[in-house]
Amino acid sequence: MTKLDQRRNAESQGVAELRGKAAVVTGAAQGIGAGCARELAARGCDIMLADIQAGGLEGQVEALRRAFPERRIESYLLDVRRQRSCFDMAEQAQGKFGFIDIMVNAAGIISPCASMDVTQEDWENLLSINLSGVFYCCQAAARLMRERGGVVINLSSIASKAGWPGRVSYATAKAGITAITESLAVEWAPLGIRVNAVAPAWVNTEILRQGVEQGVVAVDNLKRAIPLGRVAEVDDVCDAIAFLVSDAARYITGQVIYVDGGYLAGAPDASIRAGRSS
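This structure is a prediction, so every number in the text was calculated from the model and none was measured.

Some thoughts on the overall build of the protein chain
Helix and strand counts for the protein chain come out as nine helices and seven strands. The 278 residues of the protein chain split such that 48% are buried. In the protein chain, once contacts between residues fewer than 6 apart in sequence are set aside, the share between residues at least 24 apart is 74%. Surface exposure of the protein chain reaches about 13,600 Å², of which carbon and sulfur atoms provide 50%.

Brief notes about the packing of aromatic side chains
Inspection of every chain in the model, using the stated rule, returns three aromatic pairs. Ring centres of Phe135 and Tyr136 lie 6.4 Å apart, and the angle between their planes is 50 degrees; on these two criteria the pair is classed as tilted. Here a set of aromatic residues connected by ring pairs shows up, and it is made of Trp164, Trp202 and Tyr263. When the ring centre of Phe87 is taken as origin, the NZ or CZ atom of Arg143, which lies over that ring, is 4.2 Å away. A cation over an aromatic ring shows up here: Arg148 above the ring of Phe99, its NZ or CZ 3.9 Å from the ring centre.

Concerning the layout of surface pockets
To find leftover empty space, one rolls a probe the size of a water molecule over the atoms. Volume-wise, the largest pocket comes out at about 1,400 Å³. As for the largest pocket, its lining consists of 46 residues, of which Gly108, Ile110, Tyr170, Thr205 and Ile207 are closest to the centre. At the level of elements, helix H2 (31–42), helix H6 (168–188) and helix H7 (206–213) are the ones that each hand at least two residues to the lining of the largest pocket. The biggest single contributor to the lining of the largest pocket is H7, with six residues. Here the lining of the largest pocket is composed, by residue class, of 25 nonpolar, 13 polar and eight charged. In this structure, the second largest pocket encloses a volume near 220 Å³.

With respect to the pairing of strand S4 (residues 102–105)
The side-chain alternation of S4 yields two buried faces, one formed by Ile102 and Val104 and the other by Met103 and Asn105. In this structure, strand S1 (residues 22–26) lies alongside S4, joined through three bridges in parallel fashion. Paired with Val25 across the bridge in S4 is Val104. Bridging between S4 and strand S5 (residues 150–155) involves four bridges; their strand directions are parallel.

Here we look at empty space enclosed by the protein
In total, this model carries one cavity of 30 Å³ or more according to the counting rule given. Every residue lining the largest cavity is listed: Ser111, Cys113, Val118, Asp122, Leu126 and Ser169. Counted by class, the lining of the largest cavity contains three nonpolar, two polar and one charged residues.

Brief notes about the nonpolar core
Formed by 37 residues in total, the largest nonpolar core has its most connected members in Leu40, Ile47, Leu49, Val104 and Ile241. Taken together, the elements giving at least two residues each to this core come down to S1, H2, strand S2 (46–51), helix H3 (54–67), S4, S5 and helix H9 (234–245). Discounting residues that sit within four places of it in the chain, Leu40 has contacts with Leu18, Ala23, Val25, Cys45, Ile47, Ile102, Val104, Ala242 and Val245. Of all hydrophobic cores here, the second largest spans 36 residues; its members include Cys86, Ala90, Trp188 and Ala197.

Rules of the game
- Residues numbered from 1 in each chain as written.
- Predicted model: local features only at pLDDT ≥ 70, side-chain atom pairs only at ≥ 80, totals over all residues.
- Heavy atoms only, no water.
- Helix = DSSP H or I, 4+ residues; strand = E, 2+ residues; numbered from the N terminus.
- Buried < 20%, exposed > 50% of the residue type's maximum accessible area, 1.4 Å probe, protein only.
- Contact = heavy atoms within 4.5 Å.
- Areas by Shrake-Rupley, 256 points an atom, 1.4 Å probe, with all protein chains shown as cover.
- Phe/Tyr/Trp six-rings, centres within 6.5 Å; stacked < 30°, edge-to-face > 60°.
- Lys NZ or Arg CZ within 6 Å of the ring centre and 35° of its normal.
- 1 Å grid on protein atoms, 1.4 Å probe; cavity = no way out; pocket = protein on both sides within 12 Å on 5 of 7 lines; lining within 4 Å.
- Points joined across faces, edges and corners; volume = space filled by probe spheres on them.
- Nonpolar A, V, L, I, M, F, W, Y, C, P; charged D, E, K, R; others polar.
- Pairing = 2+ DSSP bridges.
- Core = buried A, V, L, I, M, F, W, Y, C linked by side-chain atoms within 4.5 Å.

Written as structure tokens, this is what we have:
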């Protein structure tokens with residue numbers, strides 16, 4: 001039985017723990033965003049999927065409508081670089097659903113480049129999507145959540161804490177997401193709005209697979225650096241997000257949850273062996 005089948009079976013028995021909630025997921029045309037939209041729909045949410053990639057977005061919407069005909073599944077063509085576009089998206093979601101309970105900010109890009117070769121255009125474009133866009137969507141959701149509370153989840157990365165060659169703009173944006181998450185969690189707690197972040201390590205998405213095909217990512221090396229011995233699957237990240245938006249996490253806010261297989265705790269070292277030393 002697949003995970004989706006398990007979720008459907010659980011729902012048929014009245015165990016859809018997010019039933020009646022309305023969620024907005026950005027970056028939902030592929031990867032973690034698409035997986036998160038599926039997971040939240042399976043757990044009972046009505047969903048607005050938002051992305052700048054029109055073709056991929058509509059494909060995901062059609063798939064969710066087939067899988068969950070009882071859900072309200074909507075789409076919005078979103079440019080997170082534009083604050084007004086983010087506000088319009090949230091207002092349209094409120095118009096469709098009546099309210100927003102959950103906001104997942106998964107939109108982002110990665111553009112590897114040697115630091116001395118990063119252009120001003122490249123720097124500003126990545127930060128406008130990966131950092132400013134997250135803040136604008138947080139704003140947009142909170143303006144509508146302040147009457148009844150809600151949950152915001154921001155997608156960060158272990159790059160916010162671990163330096164990688166050729167990723168300076170990406171790491172800078174992800175570190176900024178930690179600051180956004182912590183600051184907004186404190187400011188919005190009196191409004192009943194929880195704000196957390198999920199920071200994966202390497203995830204088995206199309207981006208990683210392209211890196212492997214291009215010869216810029218060595219998966220075997222990644223696996224050796226991760227204590228659990230494998231890269232993450234999309235479901236690993238989505239399960240963490242689903243927990244954080246649920247009532248089981250009602251007292252958790254301002255946190256960054258690292259879904260990294262133990263990478264940041266300490267990579268395995270072949271020169272160190274477990275057991276008693278003499």
